[in-house]
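These are the residues of each chain, in order.
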Amino acid sequence: MARLVRKLIWQQTAPAPFESGWSVFSKLLLLNQIKPSQLASLLQSPDVENNNRLRFRNSDWIDLEQFSEMLSVNPNRLRQCFFDQLQIHVEESYSQLKNDGIKICPECLAKGYHCIFFELGFIDICPWHHIALEQACADCLRAVYSKGLQFNRRQNHLGQVNPDDLTKALGEWKSICNHLVFEVDIVRKLNQMSQEQELEINHKCRLLYGWIKTAQTRLDLTGKLYCYTNLGADGFEKFFNAAEKIAGACPWPVNHKRSPVKWILLNERQKSTAQTDESFHRNPDLDSIYKSIRRHIFTRYVKNHRACHKGIINLKRDESLSLDTEKVCSIALAYNVWRLKIEKFINVEALKQNVSLNRVITPPDFYVSDIPLTTELQANFLYLQFFYIWEQIDRNIGKNSIAINSTGLPYQATDMALTYARGNLSIIFAQPEHLTNRAFKNCVERYKVSQSLQNQRFSRIWGYGHYDNLMSNQLGLMFKLTKFQSVPAQRSIIYINV
Ligand SMILES: [Zn+2]
Ligand SMILES: [Zn+2]
Ligand SMILES: [Zn+2]
């Protein structure tokens, strides 16, 4: 039975390959002079709950066949405009609170183009114009998602608006940020690219798509690499580096720090594939597991830096708070910070005197609804926590002033770069071999300089953070490191909170 389809005003040259849903919808709003809520109710499939927001990243709410009939274009062209059609899982937020917005390339936008892959968090350079994408613009997002474009009447030469002009012929439609500007009296071509340019776009987009799909075979990454997850920059970089490790160098230019990563895969059914002590499985008690992890880490990583370790563990409290940032070995410091954190101290003298023997350790804090926090998982978190602390210290050691501070809270395991899909939990961390090599290089140089770890130029303890109580459970400073003679300005101190 034939059905009536309302036609929307459109041009057959659009959409261009992999043009974003945001771009397509902005053009539809303009050409048809409608509000986002009106367009949403025209497009939505009948079995979807009524929604007056115009979601442009996924098409699960759209009757795509009907949509293509409305525009008289092949549905396959529209499929490239939405992530779900490309089978890339993204979490849609559209939330100001999460700094969500649209990243544009001004050169592309001038030709009427915005690529769907600009929406991915790790894309920050336009591969066609080799310029940085602009910072995510929230007004661009809202203009299409909810608010619509605003009409500005053009003023006459006296600077007045003619209230009798009902034609709306003179003026422009735009987003309040002025990224989207459509002049009404110009018949605008929706797609101003040549055929060669379109072929080039298609080619580059397919390369990136292939890369994403390849990375996806081993880790569920795109959800994490999408703009507006709550990932910090460190976590983000870990996912990106993991993707490159699987799929090779990203085919588009990107401006990210490259550093080697590794990951462990924990399967719900299978036992851990992590290389951890056999004794983990023999003894399920977390305290004794921790002790064997500690032995393992010491033998494997700290032993070669035994002298450095002795230097740290023999420190008096006041010495811990006046270290020289250029003389301390990152691995020895990391190991002791990790121990202090887990054994709930801030004073390294407590470790030396073994007051921790009867202490119950703090398990890491972890809650993800469908992943049970087994002892095995806790053990893995304890183990990986060491590499996270080590990496943070390694990145900052040598800088002007560093304060390593205990928050007094259990370690937040979800701060790690972890991803969960199909019953597999993967946790990505800095490659230990890479950290070991860096530690070795720095260490040799440091120990030529001096045997004392203290900042000789500066013996006064700066300000605060002094506790004599060995057993102190209190939050507070574990170590302070400085480079120069003067007390560092508060804003120049790098805090490593563990
Ligand atoms: Zn561009
Ligand atoms: Zn904007
Ligand atoms: Zn060392």
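Above this text is the structure in question.
So, here's what we can say about the structure. Numbering of residues starts from 1 in every chain and runs along the sequence as written. A letter from A marks each chain and a number from 1 marks each ligand, given out in the order of writing. Local features in this predicted model are restricted to residues of pLDDT 70 or higher, and side-chain atom pairs are both shown and tallied only at a pLDDT of 80 or more, whereas totals for entire chains, interfaces and linings draw on every residue. Hydrogens and waters are ignored; side-chain quantities use all the structure's heavy atoms.

A count of helices and strands for the chain gives 17 helices and 10 strands. Partly exposed residues are those whose accessible area sits between 20% and 50% of the maximum for their type, while under 20% is buried and over 50% is exposed, using a 1.4 Å probe and protein chains only. Residues counted as buried form 53% of the 498 residues belonging to the chain. Whether two residues touch is decided by their heavy atoms; if any such pair falls within 4.5 Å, the residues are in contact. Long-range pairs, those at least 24 residues apart, make up 73% of the contacts in the chain between residues at least 6 apart in sequence. By the criteria applied, helices consist of DSSP H or I runs no shorter than four residues and strands consist of E runs no shorter than two, each listed in order from the N terminus.

It is a general feature of regular strands that their side chains alternate between the two faces of the sheet. The buried count for strand β8 (residues 424-430) comes to six of seven residues, which makes it a mostly enclosed element. Strand pairing is assigned whenever DSSP identifies at least 2 bridges connecting the two strands. Relative to β8, strand β4 (residues 261-267) is paired through seven bridges, and the arrangement is antiparallel. Each bridged residue has a counterpart across the sheet, and for Val261 the counterpart in β8 is Ala430. Note that strand β7 (residues 417-421) and β8 share five bridges and pair antiparallel. Residue pairing in the sheet places Thr419 in a bridge with Ser426 of β8. If you look at the hairpin formed by β7 and β8, you'll find two residues sitting between the two strands, and Arg422 has a positive phi there, around 45°.

Turning to the sheet that holds strand β2 (residues 171-174), a few remarks are in order. One open sheet holds the three strands; their spatial order is β1-β2-β3, and the pairing between them is antiparallel. Single-partner strands in this sheet number two, and they are β1 (150-153) and β3 (181-183). Shown here is a sheet whose adjacent strand axes are inclined to one another by a mean of 25°, direction ignored. In this sheet, β3 lies alongside β2 in antiparallel orientation, the contact comprising three bridges. Its bridge partner lying in β3, Lys174 is registered against Val181. Axis lines are fitted to C-alpha atoms, over the contacting stretch for helices. Their N-to-C directions set the angle, which ranges from 0 to 180 degrees.

The next subject is the coordination of the zinc ion (ligand 1). Within the first shell, the zinc ion (ligand 1) binds the protein through Cys105 (SG), Cys108 (SG), Cys126 (SG) and His129 (ND1), at distances of 2.0 to 2.3 Å. Geometry at the zinc ion (ligand 1) is tetrahedral, judged from its four donor atoms and the angles of 105 to 113° they form at the metal. The donor definition counts N, O and S atoms within 2.8 Å of each metal and applies 3.2 Å to Na, K and Ca; water is not among these atoms, so some sites may look incomplete. Along the chain, the residues donating to the zinc ion (ligand 1) are arranged with the sequence spacing C-x2-C-x17-C-x2-H. Within this pair, whereas Cys105 is found in the loop between α4 (75-79) and α5 (106-110), its partner His129 is found in the loop between α5 and α6 (138-147), the two being separated by 24 residues in sequence. Key to geometry: four donors with every angle between 85 and 135 degrees are tetrahedral; four donors are square planar and six octahedral where opposite donors lie over 155 degrees apart and all remaining angles lie between 65 and 115; all other sites are irregular.

Let us look at the nonpolar core. Grouped burial of nonpolar side chains is what soluble globular proteins tend to show. Counting 107 residues, the largest nonpolar core has Phe117, Phe122 and Phe479 as the members making the most contacts within it. The residues contacting Phe122, other than those within four sequence positions of it, are Leu208, Trp211, Ile212, Leu225, Phe236, Phe240, Cys250, Val254 and His256. Residues belong to a common nonpolar core when they are buried Ala, Val, Leu, Ile, Met, Phe, Trp, Tyr or Cys residues joined through side-chain atoms within 4.5 Å. Ranked by size, the runner-up nonpolar core spans 41 residues in total, among them Ile34, Phe56, Ala143 and Tyr145.

In short, the description is geometric, and any link to function would need to be established separately.
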